[in-house]
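Take a look at the letters that make up each chain.
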Amino acid sequence: MPEAKSKVVFKPVDEQLALLRKGVAEIIPENEFRAKLENSLKTGKPLRAKLGVDPTSPDLHLGHTVVMRKLRHFQEMGHTAVFLIGDFTALVGDPSGQSETRPQLSREQVEANTKTYLAQAYKILDPEKTEVRHNTEWLDKLTSYDIVKLCSKYRLARMLEREDFRSRLSGNQPIAIHELLYPLMVAYDSVVLEADVELGATEQKFNLLIGREIQREYGRPTQVCITMPILVGLDGERKMSKSLGNYVGITESPSEMFGKLMSISDDLMWSYYELLTDLEPRVIVRLREEVKQGVVHPMEAKMELARGIIADFHDEEAAQRAEQEFKRVHSKHELPAEIPQKIVPAEYREKFLTAGTKRVHLAVLMAMFDDIASSRSAAEKLIRQGAVEWDGTRIDDPGFQLELGELGKGKLLRVGKRRICTVTLG
């Protein structure tokens, strides 16, 4: 006879809430959330906390991990973490925050991205306590009748109330019909998964609330919606995004992560402490007060932050090495122990050689590498700002050209404080 499952022992509700509220933007509705936790404590039945992630790109950055960390908090409190990979909804495209229709991904792109997601997600989530699902399991199997039935559960007028759709309509920007299906499909995920709680960024609030309504329409208990703030990127102004270049990738080297984190402003540091660490709020408040009073230097507090984040995604030893490397390069103005080498791409090399040119603009060279400069104009801006050194000489003329022959020697390129490499023609 199979052994009966033991009743889960939960911490008191107030103790759970202390962790589950940390860094949260909004809980909708809060009284219902407390009631669910109290019932869970009474019955010994874990809540099902759902987080859906569409694999629209192969790599995750720290911005993605904010909501994943909150899902892990549910794991730590004994609840069931449901990590939903939206391999079907990624094909549709989330319209949240979009000023135009997203380009649709192919199944091949989505499948390739999906392969990398779990390995990266497990840097945050406990794989032994994570229920992984893919919404192709049920969305791929919906019949035409099922889709019509789902669409009948919600009103078009309500759908067009969402800010991104409303602004696009007023600006005469097109809205494709399939975009209207996205929030309904995400809501249907909550029906199938019997979600008690759904997590998402603040920009996902509309989708999460539709989930409550669709669950009700299908005769299911409604989920509580918990939204997390958007992580501001390294520039201190815009949402962290790979396309904006203001991101920290979780698969980047410890030294690269450390350098990027040390570049954030002192004010932004506290948001990172709250959203990217598991330190208790009172500890963060105390540290912030110590910095304000001059007891702790802001740079020391920032180094502690960087060490903690890197230890999460690599390990303590790697974090310590990254710190020592940072101090050696930036405080003592020495070169890194290992300098990455950039090889001019073959198509450019052939273009140069075929054209018979012997000189190339430094800005053009920088723009060949995405992690150096996103475009020629961006490279020229960096040069004008005095942020670029070539072979030990600071360059301030955006029209500066160098001899192609120099590239055969692997000359040193330094951009700002963090980007140091040699460039070779190959």
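Residues numbered from 1 in each chain as written. Predicted model: local features only at pLDDT ≥ 70, side-chain atom pairs only at ≥ 80, totals over all residues. Heavy atoms only, no water.

Student: Could you give an account of the overall build of the protein, naming the residues involved and the relevant values?
Tutor: Across its full length, the protein carries 19 helices and 13 strands. Among the 426 residues that make up the protein, the fraction classed as buried is 46%. Considering only intrachain contacts with a sequence separation of at least 6, the fraction spanning at least 24 residues in the protein is 72%. For the protein, the computed accessible surface area is about 21500 Å², with 50% contributed by carbon and sulfur atoms. (Helix = DSSP H or I, 4+ residues; strand = E, 2+ residues; numbered from the N terminus. Buried < 20%, exposed > 50% of the residue type's maximum accessible area, 1.4 Å probe, protein only. Contact = heavy atoms within 4.5 Å. Areas by Shrake-Rupley, 256 points an atom, 1.4 Å probe, with all protein chains shown as cover.)

Student: Tell me what's going on with the pairing of strand S13 (residues 419-424), and back it up with residues and numbers.
Tutor: Counted residue by residue, S13 has 5 buried out of 6 residues, so it is predominantly covered. Bridge count for strand S7 (residues 341-343) against S13 is 3 bridges, and the pairing is parallel. What sits directly across from Lys 342, in S13, is Val 423. Bridge analysis of strand S12 (residues 411-415) against S13 gives 5 bridges, and the strand direction is antiparallel. (Pairing = 2+ DSSP bridges.)

Student: Describe the pattern of salt bridges, naming the residues involved and giving the relevant values.
Tutor: Tallied over the entire structure, the rule returns 26 salt bridges. Glu 38 is paired through a salt bridge with Arg 34; the nearest N and O atoms lie 3.7 Å apart. Of the two residues, Glu 38 and Arg 34 are both situated in helix H2 (residues 30-43); the distance of 4 residues between them amounts to about one turn of the helix. Relative accessible area serves as the criterion here: at 29%, Arg 34 is assigned to the partly exposed category. Connected through salt bridges with shared partners, the residues Arg 69, Arg 72, Glu 76, Asp 278 and Asp 312 form a single ionic network. (Salt bridge = Lys/Arg side-chain N within 4 Å of Asp/Glu carboxyl O.)

Student: Break down the sheet that holds S13 for me, with residues and values.
Tutor: Pairing is mixed across the open sheet formed by 5 strands, whose spatial order is S7-S13-S12-S9-S10. Because the sheet does not close on itself, it has two edges, and the strands there are S7 and strand S10 (393-395). If you compare each strand with its neighbour and ignore which way they point, the axes differ by 30 degrees on average. (Axes fitted to C-alpha atoms, helices over the stretch in contact; angles between N-to-C directions.)

Student: Let's hear about the packing of helix H1 (residues 13-20) against H2: which residues, and what values?
Tutor: If you want to describe how two helices pack, look at the angle between their axes and the distance between the axes. At their nearest, the axes of H1 and H2 sit 10 Å apart, and the two run at 130 degrees to each other. The pairing of H1 with H2 is recorded here as oblique in orientation. The interaxial crossing formed by H1 with H2 has right-handed handedness. Along the contact surface, H1 presents Val 13, Asp 14, Gln 16, Leu 17 and Leu 20, while H2 presents Phe 33, Arg 34, Leu 37, Glu 38 and Leu 41. Here the residues of the contact of H1 with H2 sort into 6 nonpolar, 1 polar and 3 charged. (Parallel < 35°, antiparallel > 145°, perpendicular 65-115°, else oblique. Left-handed = near helix turned anticlockwise from the far one by under 90°. Nonpolar A, V, L, I, M, F, W, Y, C, P; charged D, E, K, R; others polar.)

Student: Describe the sheet that holds strand S6 (residues 224-228), naming the residues involved and giving the relevant values.
Tutor: Ordered by their spatial adjacency, 6 strands build an open sheet running S1-S6-S5-S2-S3-S4, and the pairing between neighbours is mixed. A single partner strand is all that each edge strand has here, and the edge strands are strand S1 (26-28) and strand S4 (130-134). Neighbour to neighbour, the strand axes of the sheet diverge by 25 degrees on average, direction disregarded. Bridging between strand S2 (residues 48-53) and strand S3 (residues 80-85) involves 6 bridges; their strand directions are parallel. If you follow Lys 50 over to S3, its bridge partner there is Val 82. Packing against the sheet, helix H3 (residues 62-76) makes contact with S2, S3, S4, strand S5 (197-201) and S6, and its axis sits at approximately 155 degrees to S5.

Student: Can you lay out the nonpolar core for me, pointing to particular residues and giving the numbers?
Tutor: Membership of the largest hydrophobic core comes to 65 residues, with the highest contact counts inside it found for Phe 33, Leu 62, Phe 83, Val 197, Ile 226 and Tyr 272. Of all the elements, helix H15 (residues 298-313) adds the most residues to this core, at 8 residues. Here Leu 62 is in contact with Leu 231, Met 240, Val 248, Ile 250, Leu 261, Leu 276, Ile 309 and Phe 313, once residues within four sequence places are set aside. (Core = buried A, V, L, I, M, F, W, Y, C linked by side-chain atoms within 4.5 Å.)

Student: Which residues make up helix H13 (residues 266-276), and what values do they have?
Tutor: Listed as buried for H13 are Leu 268, Met 269, Trp 270, Tyr 272, Tyr 273, Leu 275 and Leu 276. Summarising the contacts, the buried residues of H13 are in contact with H3, S6, helix H12 (254-262), helix H14 (281-292) and H15.

Student: So what's going on with the environment of Glu 290? Which residues, and what values?
Tutor: Along the chain, Glu 290 falls in helix H14. The class for Glu 290 is partly exposed, based on a relative accessible area of 27%. It is 9.6 Å that separates the C-alpha atoms of Glu 290 and Ala 301, two residues lying 11 residues apart in sequence. Those residues within four positions of Glu 290 in sequence are excluded, and the remaining contacts are Val 295 and Val 296.

Student: So what's going on with unusual backbone geometry? Which residues, and what values?
Tutor: In most cases, non-glycine residues show a negative phi, while peptide bonds are predominantly trans. Here the bond from Ile 28 into Pro 29 is cis, since omega is -15 degrees, no more than 30 degrees from zero. Its identity is not glycine, yet Asn 172 carries a phi of approximately 55 degrees, on the positive side. Position of Asn 172 among the secondary structure elements: in the loop between helix H9 (163-170) and helix H10 (177-193). We classify Asn 172 as exposed; its relative accessible area is 71%. In the Ramachandran plot, Glu 194 falls in the positive-phi region, its phi being about 55 degrees despite a non-glycine side chain. Within the secondary structure, Glu 194 is located in the loop between H10 and S5.

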